[in-house]
Amino acid sequence: MTKNFKLYSQYYDLLYQDKDYEKEAFYIHNLIQSYAPKTKKILELGSGTGKHAKLFSNLGYSILGIEQSAEMAEIARKSAGNNTSFLIEDISVFRVKDKFDTALSLFHVISYLTESSTLIRTFENVNNHLKQGGIFIFDVWHSPAVYHQVPQKREKKLSNKVIEVSRKASPVINTETNIVEVIYYIEVKSKVTGEILKLTETHPMRHFSKPEIELLAYATGFEILHSEEFLSKTEPSKETWGVCYALKKNKDV
Ligand SMILES: C[S@@+](CC[C@H](N)C(=O)[O-])C[C@H]1O[C@@H](n2cnc3c(N)ncnc32)[C@H](O)[C@@H]1O
């Protein structure tokens, strides 16, 4: 198990090695500076291994990350550094006494919430933890792109000095629920011992249209301030896979 976990965390690092966390952190920092420039305290939902948190703390913010995976939170605690802390909790139900200036949820965490009741509970929970006028920034899969581009089977092969990884993704599209179930078949091979770890992960991902987010925001005490394609800042369209929304808390719920 210990060996497997070592391989598993190495696989995660390898898989996301081409993701530009620094560019993303600056992109989000600019949005915060535009919509809530007095921000000091950030609440981060689904904080993963703390890569964004570390960069935000370097930019002068203090961060509380909420993460349901104990393994991910443990990595974050060890690596994210000053002015960061992490709780192993579910984002839809956690409670802390503090109130925050800005809440963030990055890399499609909200798309993992496939039930409408959980989405409403989560947005209400974010509202309860924000100061009046606080903002909530998140990125989600965009329905027009999912139906226009239609997710296909994909294979990714990666390797470093220690491991080789092959990941096959097989999407199952459900048009009645706006959920795409992405089934990942993963093989991690240790170049050192020859040990092979086989994993199957199913990620049910919900996608959203702007009117759906508008409705969700309205029902949970928010209004949409801004939406754009994540990172490129272009107008969302049927070509846009990930849309970034900035909401403002306009009332308590
Ligand atoms: C794709 S990862 C993104 C991690 C991180 N935000 C990043 O950008 O690297 C999604 C994360 O959301 C977490 N997550 C999903 N649903 C959650 C929930 N209900 N409560 C807490 N964490 C959740 C997962 O455990 C995972 O770490």
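Provided above is the structure to which this section pertains.
As the structure is a computational prediction, the values presented were derived from the model and not from experiment.

Attention now goes to unusual backbone geometry. Backbone geometry at Val150 places phi at a positive 50°, although glycine is not the residue there. Although it is not a glycine, Asn178 sits at a positive phi angle of roughly 60°. Secondary-structure assignment places Asn178 in the loop between strand S7 (163–174) and strand S8 (179–190). According to the relative accessible area criterion, Asn178 is buried, its value standing at 19%.

Surrounding the ligand, one finds 15 residues, the nearest of these being Tyr21, Gly46, Glu67, Ile91 and Leu106. Between the ligand and Glu67 there is a distance of 2.5 Å, counted from an oxygen atom to a side-chain nitrogen or oxygen. Asp90 is positioned with one of its side-chain polar atoms (N or O) 3.3 Å from a nitrogen atom of the ligand. With the chains in place, 89% of the 600 Å² that the ligand exposes on its own is no longer accessible. Residues of the shell around the ligand, tallied by class, amount to eight nonpolar, four polar and three charged.

Across the six residues of strand S4 (residues 100–105), six count as buried, placing the element largely inside the fold. Examined bridge by bridge, strand S1 (residues 41–45) and S4 share three bridges and lie parallel to one another. Of the residues in S4, the one forming a bridge with Leu43 is Ala103. As paired strands, S4 and strand S5 (residues 130–142) are joined by five bridges and run parallel to one another. Paired with Thr102 across the strands is Ile135, a residue of S5. Between the parallel pair S4 and S5, the chain is carried across by helix H5 (residues 116–129), and the sense of this crossover is right-handed.

What follows concerns the side chain of Glu201. Residue position: Glu201 is located in strand S9 (residues 196–208). Of the side chains with opposite charge, Arg167 lies nearest to the buried Glu201, which makes no salt bridge, at 6.1 Å. A polar atom in the side chain of Glu201 sits 2.7 Å from the side chain of His203.

Right, let's talk about the packing of aromatic side chains for a bit. Under the definition given, this model contains ten aromatic pairs. Ring centres of Phe136 and Phe138 lie 4.8 Å apart, and the angle between their planes is 45°; on these two criteria the pair is classed as tilted. Look at Phe136 and you get buried, because its relative accessible area is 0%. Between Phe138 and Tyr245, the aromatic rings sit 5.7 Å apart at their centres with planes inclined by 25°, giving stacked as the arrangement. Taken together, the residues span a long stretch of sequence, with Phe138 in strand S5 and Tyr245 in strand S11 (residues 242–249) at a distance of 107 residues. For the pair shown, Phe138 and Tyr245 are each scored as buried. Taken together, the ring pairs in this structure connect Phe123, Phe136, Phe138, Phe222 and Tyr245 into an aromatic cluster.

Rules used in this analysis
- Residues numbered from 1 in each chain as written.
- Predicted model: local features only at pLDDT ≥ 70, side-chain atom pairs only at ≥ 80, totals over all residues.
- Heavy atoms only, no water.
- Helix = DSSP H or I, 4+ residues; strand = E, 2+ residues; numbered from the N terminus.
- Buried < 20%, exposed > 50% of the residue type's maximum accessible area, 1.4 Å probe, protein only.
- Near = heavy atom within 4 Å.
- Polar contact = N/O pair within 3.5 Å; in protein donor to acceptor, adjacent residues only side chain to side chain.
- Areas by Shrake-Rupley, 256 points an atom, 1.4 Å probe, with all protein chains shown as cover.
- Nonpolar A, V, L, I, M, F, W, Y, C, P; charged D, E, K, R; others polar.
- Pairing = 2+ DSSP bridges.
- Right-handed = clockwise from strand over helix to strand, strands pointing away.
- Lys, Arg positive; Asp, Glu negative; His and termini not counted.
- Salt bridge = Lys/Arg side-chain N within 4 Å of Asp/Glu carboxyl O.
- Phe/Tyr/Trp six-rings, centres within 6.5 Å; stacked < 30°, edge-to-face > 60°.

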